[in-house]
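Here is what each chain is made of, one letter per residue.
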Amino acid sequence: MWWEPVFWILLIPLIVVEIIIFVKTKRIYWLIYALAIFTYVVTVSYTLDVFDANRNAIILTLIASAILMALIGRHLGKTHKKQKEVSRAALTMASILAIFMILLFAISAIFGQAEETVQPVDSLTTQEITFTVSRDEPRPFEQVDGPIILVRSITNPFVLPIPIEQKEYRACLVTSSGLQEVFVQQSYERYPEVAPGDTEEFNVRVNPTGLQEETNVTELRVYESEEYVPCSDRGAPDYLIPIE
Amino acid sequence: MELEQIFYAIAGLFGLAAIVYFAWEYLEVLPRITKAILLFALAVLLFIAAGMLREVKR
């Protein structure tokens, strides 16, 4: 996400420039123009970054921005005769824009809620979730696509896309030798969103865990939790998956 | 620089911090397209506001 460093890198010079402009000119509108330019640059950076714009889109955006700024400069250089009418039109447009922004934010925040269901699998097999290790030959950890333990189905009933909240899960395996922490895998796209009227499914998997020979496993306890807590200190699980 | 201007500047910094924090906490739930539209609308609004202030000064 390169738009965030751009934001912070430009923010400090903006504050310095604003202070210098105000001390030298005492004109508030110069400060607002500087802030408007900064906001526009952040808008362009954000849009190009989060939508993964290709190089043609970037070039076109930069050219369009150059033309736009030149036109604004030309407009500001002219003296308008009908100042009252221009001010009235500007005030109307500003009011409409402000109302539009507030409504868009309120409607999105209030009504843009996704419907989510989380369905655990009916059961798992011992072979899916464990592998045998010996004390003499320990097996190094390797990232593999383990079995699916939960399926998150997210439906978007709204007219705009809805970002997906990434949840953290912890899993503990109940074995004959005690509780064992199991590594939970989740993979999401860079900016996971559900399109309007669409349903997306996200799989939550676990990494198979190594156990000594003749260790029995009975069930997998899954917790929806961001915080790390040892398995022995956890309470009732959110989901319980039997192991056959 | 007069003393009151220092306080105005600090008030501006606090206001900016409030806006940044609000955006960070409350706008996170919005999709990318909504954030892009709001940002662009804000840039336009600021340009219009600056133009109106400039007219008042004339």
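Just so you know, these numbers come straight off a predicted model, no measurement behind them.

Can you walk me through the sheet that holds strand β9 (residues 199–206) of chain A in this structure?
Sheet strands line up and pair through hydrogen bonds in the backbone, either parallel or antiparallel. Residue and element names in this part refer to chain A. The strand order across the open sheet built from 4 strands is β1-β3-β9-β7, with neighbouring strands paired in antiparallel fashion. One side of each edge strand has no neighbouring strand; the edge strands of this open sheet are β1 (115–120) and β7 (184–185). Relative to β9, β7 runs antiparallel, the two being bridged by 2 bridges. Residue Val-184 lies in a different strand from β9, and its bridge partner there is Val-206.

Explain the layout of surface pockets here, please?
The gaps left among the atoms become clear once a water-sized probe is rolled over them. Put simply, the second largest pocket is a space of about 520 Å³. Taken together, 20 residues make up the lining of the second largest pocket; nearest its centre are A:Tyr33, A:His75, B:Phe47, B:Ile48 and B:Gly51. Those elements giving two or more residues to the lining of the second largest pocket turn out to be α2 (28–50), α3 (55–77) and α4 (83–111) of chain A together with α2 (32–57) of chain B. Ranked by the residues each element gives to the lining of the second largest pocket, the list is headed by α2(B), at 9 residues. Among the residues forming the lining of the second largest pocket, the class breakdown is 14 nonpolar, 4 polar and 2 charged.

Just checking my understanding: could you explain the interface of chain A and chain B for this structure?
A common way to report how large an interface is uses the accessible area buried once the components associate. Each side of the interface is counted separately: chain A has 47 residues, and chain B has 39 residues. Here chain A meets chain B over a buried area of about 3900 Å², counting both sides, of which 79% is carbon and sulfur. Summed over the shared surface of chain A and chain B, the result is 1 salt bridge. When the shortest N-O distance is used, the salt bridge between A:Glu193 and B:Arg32 registers 3.2 Å. Within the side of chain A that touches chain B, the residues separate by chemical class into 36 nonpolar, 7 polar and 4 charged.

What's the story with unusual backbone geometry in this structure? I'm lost.
Glycine aside, negative phi is the norm for most residues, and most peptide bonds take the trans geometry. Residue and element names in this part refer to chain A. The backbone of Lys-26 sits at a positive phi, close to 60°, despite the residue not being glycine. On the secondary structure map, Lys-26 appears in the loop between α1 (3–25) and α2. A residue is classified by how much of its surface remains accessible, and Lys-26, at 40% relative accessible area, is partly exposed. With phi around 50°, Asp-52 is a residue other than glycine that occupies positive phi space. With respect to the helices and strands, the residue Asp-52 is situated in the loop between α2 and α3.

Honestly, empty space enclosed by the protein in this entry has me stumped. Any pointers?
Enumeration according to the criterion identifies 1 cavity of 30 Å³ or more in this entry. A volume near 40 Å³ is recorded for the largest cavity. Taken together, A:Ser108, A:Gly112, A:Phe158, A:Leu160, A:Pro161, A:Ile162, A:Pro163, B:Val29, B:Leu30 and B:Pro31 form the lining of the largest cavity. Residues of the lining of the largest cavity, tallied by class, amount to 8 nonpolar, 2 polar and no charged.

Looking at this structure, I do not really get the packing of α2(A) against α3(A). What am I missing?
Residues and elements named next belong to chain A. Direction vectors running N to C along α2 and α3 enclose 165°, while the axes themselves pass 11 Å from each other. On the basis of their axis angle, the class for α2 and α3 is roughly antiparallel. Where α2 crosses over α3, the handedness of that crossing is right-handed. Here Tyr-33, Tyr-40, Val-44 and Leu-48 of α2 lie close against α3, whose contacting residues are Ala-57, Ile-58, Thr-61, Ser-65, Leu-68, Met-69 and Leu-76. Residues of the contact of α2 with α3, tallied by class, amount to 9 nonpolar, 2 polar and no charged.

Just to check I follow, could you spell out the state of the cysteines for this structure?
Here, disulfide denotes a covalent bond that connects the sulfur atoms of two cysteines. Residue and element names in this part refer to chain A. Per the stated rule, a full pass over the model turns up 1 disulfide over all chains. In this model Cys-172 forms its disulfide with Cys-231; the gap between the sulfur atoms is 2.1 Å. Disulfide Cys-172-Cys-231: torsion about the S-S bond near -90°, hence left-handed. Here Cys-172 is found in strand β5 (residues 169–175), whereas its partner Cys-231 is found in the loop between β11 (217–224) and β12 (239–242), with 59 residues between them in sequence. For Cys-231, a relative accessible area of 9% corresponds to the buried category.

Could you clarify how one ought to interpret the confidence of the model for chain B in this entry?
In low-pLDDT regions, the fine details of the predicted coordinates are not to be read closely. When the pLDDT values of chain B are averaged, the result is 82; 95% of them are 70 or greater. Here the predicted complex scores 0.72 on pTM and 0.71 on ipTM.

Would you mind showing me how to read the side chain of A:Ser65 here?
All names here are of chain A. Inspection of the secondary structure assignment puts Ser-65 in helix α3. Look at Ser-65 and you get buried, because its relative accessible area is 11%. Ser-65 has contacts with Tyr-40 and Val-44, leaving out every residue within four places of it along the chain.

What's the story with the packing of aromatic side chains in this structure? I'm lost.
The relation between two aromatic rings is expressed through the spacing of the ring centres and the mutual angle of the planes. Residue and element names in this part refer to chain A. Applying the stated criterion across every chain, the model contains 6 aromatic pairs over all chains. Between Trp-3 and Tyr-46 the ring centres are 5.0 Å apart and the planes differ by 90°, which places this aromatic pair in the edge-to-face class. With Trp-3 in helix α1 and Tyr-46 in helix α2, this pair connects stretches of sequence that are 43 residues apart. In this pair, the class of Trp-3 matches that of Tyr-46, namely buried. One aromatic cluster in this structure is built from Phe-7, Trp-8 and Phe-38. Taking the ring centre of Tyr-223 as reference, the NZ or CZ of Arg-234 above it sits at 5.0 Å.

Criteria and cut-off values
Residues numbered from 1 in each chain as written. Chains lettered and ligands numbered in written order. Predicted model: local features only at pLDDT ≥ 70, side-chain atom pairs only at ≥ 80, totals over all residues. Heavy atoms only, no water. Pairing = 2+ DSSP bridges. Helix = DSSP H or I, 4+ residues; strand = E, 2+ residues; numbered from the N terminus. 1 Å grid on protein atoms, 1.4 Å probe; cavity = no way out; pocket = protein on both sides within 12 Å on 5 of 7 lines; lining within 4 Å. Points joined across faces, edges and corners; volume = space filled by probe spheres on them. Nonpolar A, V, L, I, M, F, W, Y, C, P; charged D, E, K, R; others polar. Contact = heavy atoms within 4.5 Å. Buried area = accessible area lost by both parts, 1.4 Å probe. Salt bridge = Lys/Arg side-chain N within 4 Å of Asp/Glu carboxyl O. Buried < 20%, exposed > 50% of the residue type's maximum accessible area, 1.4 Å probe, protein only. Axes fitted to C-alpha atoms, helices over the stretch in contact; angles between N-to-C directions. Parallel < 35°, antiparallel > 145°, perpendicular 65-115°, else oblique. Left-handed = near helix turned anticlockwise from the far one by under 90°. Disulfide = S-S within 2.5 Å. pLDDT = per-residue confidence, 0-100. Phe/Tyr/Trp six-rings, centres within 6.5 Å; stacked < 30°, edge-to-face > 60°. Lys NZ or Arg CZ within 6 Å of the ring centre and 35° of its normal.

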